[in-house]
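Letter by letter, the chains look like this.
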Amino acid sequence: MKLPNFDYVKFDSLSKSCEVLEAHGPKAVPVAGGTDLMIALKNRLKTPEVIVDLGGVPGLDQITDAGSEGLKIGPMVTLRHLASHPLIIEKIPVLARAALDVGSIQLQTMGTIGGNLCQDNCCLYYNRPPMLRQTAGPCYKLGGDACHAVRGSKNCWATYCGDIAPVLLALHARVKIAGPRAETVMAAGQLFSGDGTKPQTLTAGRLIAEIQVPAQPAYSGSAYLKMRVRKAIDYPLLGVAVHLALKNDAQTIDHISLAMTAVDKAPVLVEAAGELAGQKLSDERLEHLAEAAYKKAAPINNVSGYTPGYRKNMARVYVRSAVRQALATATGKGGNN
């Protein structure tokens, strides 16, 4: 299917890009790698009048070591570059592994970390060509008045299925947001609205300018586990990211964070993980955390693959395994973190 008609612009300034996006409002969209946007254009899920290419802005494809502040990652860093960069492999290898879990090699080569964070939510009733959407009529995401995935729902239940977001949430990352006139910094989790029709909180003219991942302490470990039908291409049907740090005795938990993807309209932080701070990780406490993740997961039947019930039950299994992997890394039994 051919692309719709649109004007294409490209600037060497992030502020100028933001100005144009703000001026055109919902009629303009930014493009980074384009792996998500091009499909949406072909399927007429998006029909912008203006596309602003961010590829001309210098410095957005850099990864910088900020010392005690951690790493700073530009939003135009491709997933393949992210996965192979020495600083990422040395300091936050869990992010490199998550990048390699995204799609295929071709998608990783084109797709960017900023674009991955800002990808649209997925739904079987939405992500299809126009001719296949005709019988059901437009849903909330297409300007209609119904959710075809959850009959009678007053809200859109399109699911957030990104691999990078849960890892950044677990690592307590922050994002710098640029606008036409000012910059702000917020926790990575604040980027997501929980609204299936508009998954991100970014308003017109505001873009991710930088991703900030704090330095990881000694005795820390992380893990990301992804459930999918095929080992390539597929979106996650469940993704679990864990990050933990131990106190100097290498046994007591200093802090632990747990995030999931593909189980709700936004990536999910499991707050119960914070209750384990100051504790030793017994089997009983691990089961409590796994049960909390199970209760928090809300997958529905709007993606291809396993049933919602199976995916929800597997949240317990994946949490147990991810925590054990992160713990083994933190205690020096699993290599790098």
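The structure this text deals with has already been given above.
Rules used in this analysis
Note on numbering: residues in each chain are counted from 1, in written sequence order. Under the rules for a predicted model, residues below a pLDDT of 70 receive no local features and side-chain atom pairs below 80 are neither given nor counted, while totals for whole chains, interfaces and linings still include all residues. Hydrogens and waters are ignored; side-chain quantities use all the structure's heavy atoms. Helical segments are the DSSP runs of H or I of at least four residues, strand segments are the runs of E of at least two, and each set is numbered from the N terminus. For a compact globule the rule gives 2.2 Å times the number of residues to the power 0.38, and the radius of gyration it is set against comes from C-alpha atoms. Per-residue accessibility, obtained with a 1.4 Å probe over protein chains only, is compared with the maximum for each type, and a residue is labelled buried under 20%, exposed over 50%, and partly exposed between these values. The contact definition used throughout considers only heavy atoms, calling two residues in contact when any of these lie within 4.5 Å. Throughout, the Shrake-Rupley method with a 1.4 Å probe supplies accessible areas, and for residues the shown protein chains are the sole cover considered. Criterion used throughout: strands pair if DSSP finds at least two bridges between them. Helix axes are fitted to C-alpha atoms over the stretch in contact, other axes to C-alpha atoms as well, and angles between N-to-C directions run from 0 to 180 degrees. The set of buried Ala, Val, Leu, Ile, Met, Phe, Trp, Tyr and Cys residues whose side-chain atoms join them within 4.5 Å is what this entry labels a nonpolar core. Geometry of aromatic contacts follows a simple scheme: Phe, Tyr and Trp rings, the Trp one being its six-membered ring, pair when their centres are within 6.5 Å, and the pair is stacked under 30 degrees between planes, edge-to-face over 60, tilted otherwise. Criterion for a charge above a ring: Lys NZ or Arg CZ within 6 Å of the ring centre, and within 35 degrees of the ring normal. For salt bridges, the criterion is a side-chain nitrogen of Lys or Arg within 4 Å of an Asp or Glu carboxyl oxygen. Using only the protein atoms, space was sampled on a 1 Å grid; points where a 1.4 Å probe fits but cannot get out form cavities, open sets with protein on both sides within 12 Å along at least five of seven lines form pockets, and lining residues are those with an atom within 4 Å of a point. Grid points are joined across faces, edges and corners, and a volume is the space filled by probe spheres set on the points. Side-chain classes follow a simple rule in which Ala, Val, Leu, Ile, Met, Phe, Trp, Tyr, Cys and Pro form the nonpolar group, Asp, Glu, Lys and Arg form the charged group, and the remainder, Gly included, forms the polar group. Orientation labels follow simple angle bins: below 35 degrees gives roughly parallel, above 145 gives roughly antiparallel, 65 to 115 gives roughly perpendicular, and whatever is left gives oblique. In a left-handed crossing the near helix is turned counterclockwise from the far helix by less than a right angle, and in a right-handed crossing that turn is clockwise. Residue count minus one, scaled by 1.5 Å, sets the expected span of a helix.

### Thoughts on the overall build of the protein chain
Inference 1: Counting secondary structure elements, the protein chain contains eleven helices and twelve strands.
Inference 2: Here the C-alpha atoms of the protein chain give a radius of gyration of 20 Å, agreeing with the 20 Å that 2.2 N^0.38 yields for 337 residues.
Inference 3: With the principal axes as the frame, the protein chain shows a C-alpha extent of 60 × 45 × 30 Å.
Inference 4: Counting the 337 residues in the protein chain, one finds 50% classified as buried.
Inference 5: If you take every contact in the protein chain between residues at least 6 apart in sequence, the share linking residues at least 24 apart comes to 63%.
Inference 6: Roughly 15,200 Å² of accessible area belongs to the protein chain as shown, and the carbon and sulfur atoms make up 52% of that amount.

### Thoughts on the sheet that holds strand S5 (residues 71-73)
Inference 1: Strand order in the open sheet made by the five strands is S4-S5-S8-S6-S7, with antiparallel pairing throughout. A single partner strand is all that each edge strand has here, and the edge strands are strand S4 (63-65) and strand S7 (183-187). The mean angle between the axes of side-by-side strands here comes to 20 degrees, regardless of whether they run parallel or antiparallel.
Inference 2: Pairing of strand S6 (residues 174-178) with S7, which is carried by five bridges, proceeds in the antiparallel orientation. Its bridge partner lying in S7, Ile-177 is registered against Thr-184.

### A look at the sheet that holds strand S1 (residues 7-10)
Inference 1: Taken together, the three strands give an open sheet; going across it, the order is S1-S3-S2, and neighbouring strands pair in parallel fashion. With one partner strand each, in any of the chains shown, S1 and strand S2 (28-31) form the two edges of the open sheet. If you compare each strand with its neighbour and ignore which way they point, the axes differ by 25 degrees on average.
Inference 2: As paired elements, S2 and strand S3 (residues 50-53) share four bridges and run parallel to each other. Of the residues in S3, the one forming a bridge with Ala-28 is Val-50.

### Structural notes on the nonpolar core
Inference 1: By size, the foremost hydrophobic cluster in this structure holds 41 residues, and its most contacted members are Ile-73 and Ile-164.
Inference 2: If you list the elements that add at least two residues to this core, you get S5, helix H3 (79-84), helix H4 (86-91), helix H5 (93-100), helix H7 (113-117), helix H9 (164-170), S6 and strand S8 (207-213).
Inference 3: A total of six residues in this core trace back to one element, the largest contributor, which is H9.
Inference 4: Residues within four places of Ile-164 in sequence aside, it is in contact with Leu-79, Leu-95, Ala-98, Ala-99, Val-102, Ile-113, Asn-116 and Leu-117.
Inference 5: By size, the runner-up hydrophobic cluster in this structure holds 37 residues, among which are Leu-238, Leu-244, Ala-297 and Val-319.

### Focus: the side chain of Asn-302
Inference 1: Within the secondary structure, Asn-302 sits in the loop between helix H10 (283-296) and helix H11 (308-330).
Inference 2: Take Asn-302: its relative accessible area is 0%, and that puts it in the buried class.
Inference 3: Among all residues touching Asn-302, those that are not within four sequence positions of it are Cys-122, Cys-123, Leu-124, Ala-149, Trp-157, Ala-158 and Thr-159.

### Focus: the packing of aromatic side chains
Inference 1: Tallying each qualifying case throughout the model produces two aromatic pairs.
Inference 2: A cation over an aromatic ring shows up here: Lys-141 above the ring of Tyr-126, its NZ or CZ 4.7 Å from the ring centre.
Inference 3: Positioned over the ring face of Trp-157 is Lys-265, at 4.3 Å from the centre of the ring.

### Quick word on the pattern of salt bridges
A side chain of one charge can pair with a side chain of the opposite charge if their charged atoms are brought near each other.
Inference 1: Enumeration according to the criterion identifies 14 salt bridges in this entry.
Inference 2: Note that Asp-120 is salt-bridged to Lys-141, the shortest N-O span being 2.8 Å. One end of the pair, Asp-120, is in the loop between H7 and helix H8 (130-133); the other, Lys-141, is in the loop between H8 and H9, and 21 residues separate them in sequence. Each member of the pair Asp-120 and Lys-141 is classed as buried.
Inference 3: Each of Lys-46, Asp-120 and Lys-141 takes part in a single network of salt bridges with overlapping partners.

### Let's talk about empty space enclosed by the protein
Inference 1: Applying the stated criterion across every chain yields a total of one cavity of 30 Å³ or more.
Inference 2: Computed from the structure, the largest cavity encloses a volume of approximately 50 Å³.
Inference 3: Lining the largest cavity are Cys-123, Tyr-125, Tyr-126, Cys-139, Tyr-140, Lys-141, Ala-146, Cys-147, His-148, Ala-149, Cys-156 and Ala-158.
Inference 4: Taken together, the residues of the lining of the largest cavity break down into ten nonpolar, one polar and one charged.

### Re the packing of H10 against H11
Inference 1: Two elements in contact, H10 and H11, have axes whose closest approach is 8 Å; the angle formed by their N-to-C orientations is 140 degrees. As judged from the angle between their axes, H10 and H11 are oblique. Relative to H11, the crossing made by H10 is right-handed. Contact residues: Leu-286, Glu-287, Leu-289, Ala-290, Glu-291, Ala-293, Tyr-294 and Lys-295 in H10; Lys-312, Asn-313, Ala-315, Arg-316, Val-319, Arg-320, Val-323 and Arg-324 in H11.
Inference 2: Residue composition of the contact of H10 with H11, grouped by class: eight nonpolar, one polar and seven charged.

### Quick notes on H11
Inference 1: Between its first and last C-alpha atoms H11 spans 32 Å; for 23 residues at 1.5 Å apiece the expected length is 33 Å, and the two agree.
Inference 2: Tucked inside the fold, the buried residues of H11 contact strand S9 (220-227), strand S10 (238-246), strand S11 (253-261) and H10.
Inference 3: Within two residues after H11, Gly-332 carries a phi angle of roughly 85 degrees, on the positive side.

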